[in-house]
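Descriptive structure summary
Residues per chain are reported as follows:
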Amino acid sequence: MPLVYDTIEYQREECLEITGFEGSVKNLTIPEQIGGLAVRSIGRHAFERRADLQEVSLPASLRRLSLFAFHNCANLRKITLHDSVEDYYDGVIRQCGELEWIELYGSKRPYALMREMLEDNDHAMSFHLHLPEEEICLSFPSYALIASENTMARTIQFAYEGGGYAYRNCVHKKEIRYREYDRLFPFMEHDDPSFASIIATDRLLYPHDLDEAAQTRYTAFLRGHAKEALDLFIRRGQIDRVRMITEKGLADENAIAAALRTASDLKETAICALLMESGRQNKKQETGLGLSLELEDW
């Protein structure tokens, strides 16, 4: 097995700590046990600066993510893990600039782990929480800490740029404050309309604790930005987000026509079929869309 590991004692248990991987790996899956011993820890700097890593799946047996375990993995885009992680150390996902999707499975409330991961990375990220009775998807924009020198006062002043810091403060160790999260949306509408589309779509897809006012605001925004939102989600291959916009009737004929052209250009067959079916159901393909593409044209 290309995984490199050590036998350690963790919480009075003989177990394994993963310390690296020999050779190249694009999609890394860590097993729950090796040779009858549970995998409990990812060691310090175990996968630091791995340019080959794109996806990582961590087991439910894991209890510790050590210092800088995945630090500066330039192409890491997705991590799947469980709220079994009790010890999360500094820098685990820091400077992972492409990390945009985290699947977090929880048998309890995983908010503390979620908070630690959000504090560890200032880039835009989306969390999909799989809880026993529901699923939640929340997206967090990027932010930057800007330092400026005040020469008169002889001090360094700090300020946060971007909405990501405020959004992250809605996540606490024991809860997520959804109403606070939703109240930040007017800022995102003006600051970053593209990411606002992601936030709005996620909240409508998984409307946990979503009040009527917020639902109306998110719906109105997507209806006004459907063309741009569909283009973004098609380019990301996110068919679930495309389906939500079309099924709720938020895209007009022009937006669907543009989306179908994009899906065709990118050879996104499933999305193209979804958009064409949406056009047929609304009886617009023959009258207003001017769409001559069929699947066999591919």
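Overview of the structure. A quick note: this is a predicted structure, and the numbers were derived from the prediction, not measured.

1. A look at the pattern of salt bridges
All chains considered together, the criterion is met by 14 salt bridges. Ionic pairing is found between Arg 241 and Asp 202, a salt bridge with its closest N-O pair at 2.8 Å. Pair noted here: Arg 241 is in helix 8 (residues 239-247) and Asp 202 is in helix 5 (residues 193-205), with a separation of 39 residues, a long-range link. For Arg 241, a relative accessible area of 1% gives the class buried. Bridged by salt links that share partners, the residues Asp 90, Arg 94 and Asp 120 form one connected network.

2. Examining unusual backbone geometry
Within the chain, Asn 72 stands out as a residue other than glycine whose phi angle is a positive 60 degrees. Classification of Asn 72 by relative accessible area gives partly exposed; the value is 24%. Here the phi dihedral of Asp 209 falls at roughly 55 degrees; this positive angle occurs in a residue that is not glycine. By secondary structure assignment, the location of Asp 209 is in the loop between helix 5 and helix 6 (212-224).

3. Observations concerning the packing of helix 8 against helix 10 (residues 269-281)
In contact at an axis separation of 10 Å, helix 8 and helix 10 are set at 5 degrees when each is read in the N-to-C sense. Considered as vectors, helix 8 and helix 10 are oriented roughly parallel to each other. Residues Ile 239, Val 242, Arg 243 and Thr 246 of helix 8 touch helix 10, and the partners they reach there are Ala 270, Ile 271, Leu 274, Leu 275 and Ser 278. Along the lines of polarity and charge, the residues of the contact of helix 8 with helix 10 split into six nonpolar, two polar and one charged.

4. Let's talk about the pairing of strand 8 (residues 78-82)
Relative to strand 8, strand 6 (residues 55-57) runs parallel, the two sharing three bridges. The residue bridging Glu 55 from the neighbouring strand is Lys 78, located in strand 8. In terms of strand pairing, strand 8 meets strand 10 (residues 101-105) through five bridges, oriented parallel. Each residue of the ladder has a partner; that of Ile 79, found in strand 10, is Ile 102.

5. Digging into the sheet that holds strand 6
If you walk across this open sheet you meet the six strands as 3-6-8-10-11-12, and the pairing is mixed. If you trace the sheet from one side to the other, it starts and ends with strand 3 (27-29) and strand 12 (135-140), each paired once. Strand-to-strand, the axes of this sheet are offset by a mean angle of 10 degrees, without reference to chain direction. Across three bridges, strand 3 lies against strand 6 in parallel orientation.

6. So, the side chain of Ser 126
Looking at the element boundaries, Ser 126 is found in strand 11 (residues 125-130). A polar side-chain atom of Ser 126 sits 2.5 Å from a polar atom in the side chain of Ser 139. Discounting chain neighbours no more than four positions away, the residues touching Ser 126 are Glu 100, Trp 101, Ile 102, Leu 138, Ser 139, Ile 198, Asp 202 and Arg 241.

7. Digging into the packing of aromatic side chains
Taken as a whole and assessed by the stated rule, the structure comprises seven aromatic pairs. Judged by centre distance (5.2 Å) and plane angle (5 degrees), the rings of Phe 47 and Phe 70 are stacked. Within this pair, whereas Phe 47 is found in the loop between strand 5 (37-42) and strand 6, its partner Phe 70 is found in the loop between strand 7 (64-65) and strand 8, the two being separated by 23 residues in sequence. A single burial state applies to Phe 47 and to Phe 70, both of which are buried. Relative to Tyr 181, the ring of Phe 140 has its centre 5.8 Å away and its plane inclined at 75 degrees; by these criteria the two rings are edge-to-face. Of this pair, Phe 140 sits in strand 12 while Tyr 181 sits in helix 3 (residues 178-183); the two residues are 41 residues apart in sequence, bridging distant segments of the chain. Judged on exposure class, the residue Phe 140 and its partner Tyr 181 are both buried. Through pairs of rings, three or more aromatic residues link up here, namely Phe 127, Phe 140, Tyr 167 and Tyr 181.

How each quantity is defined
Residues numbered from 1 in each chain as written. Predicted model: local features only at pLDDT ≥ 70, side-chain atom pairs only at ≥ 80, totals over all residues. Heavy atoms only, no water. Salt bridge = Lys/Arg side-chain N within 4 Å of Asp/Glu carboxyl O. Helix = DSSP H or I, 4+ residues; strand = E, 2+ residues; numbered from the N terminus. Buried < 20%, exposed > 50% of the residue type's maximum accessible area, 1.4 Å probe, protein only. Axes fitted to C-alpha atoms, helices over the stretch in contact; angles between N-to-C directions. Parallel < 35°, antiparallel > 145°, perpendicular 65-115°, else oblique. Contact = heavy atoms within 4.5 Å. Nonpolar A, V, L, I, M, F, W, Y, C, P; charged D, E, K, R; others polar. Pairing = 2+ DSSP bridges. Polar contact = N/O pair within 3.5 Å; in protein donor to acceptor, adjacent residues only side chain to side chain. Phe/Tyr/Trp six-rings, centres within 6.5 Å; stacked < 30°, edge-to-face > 60°.

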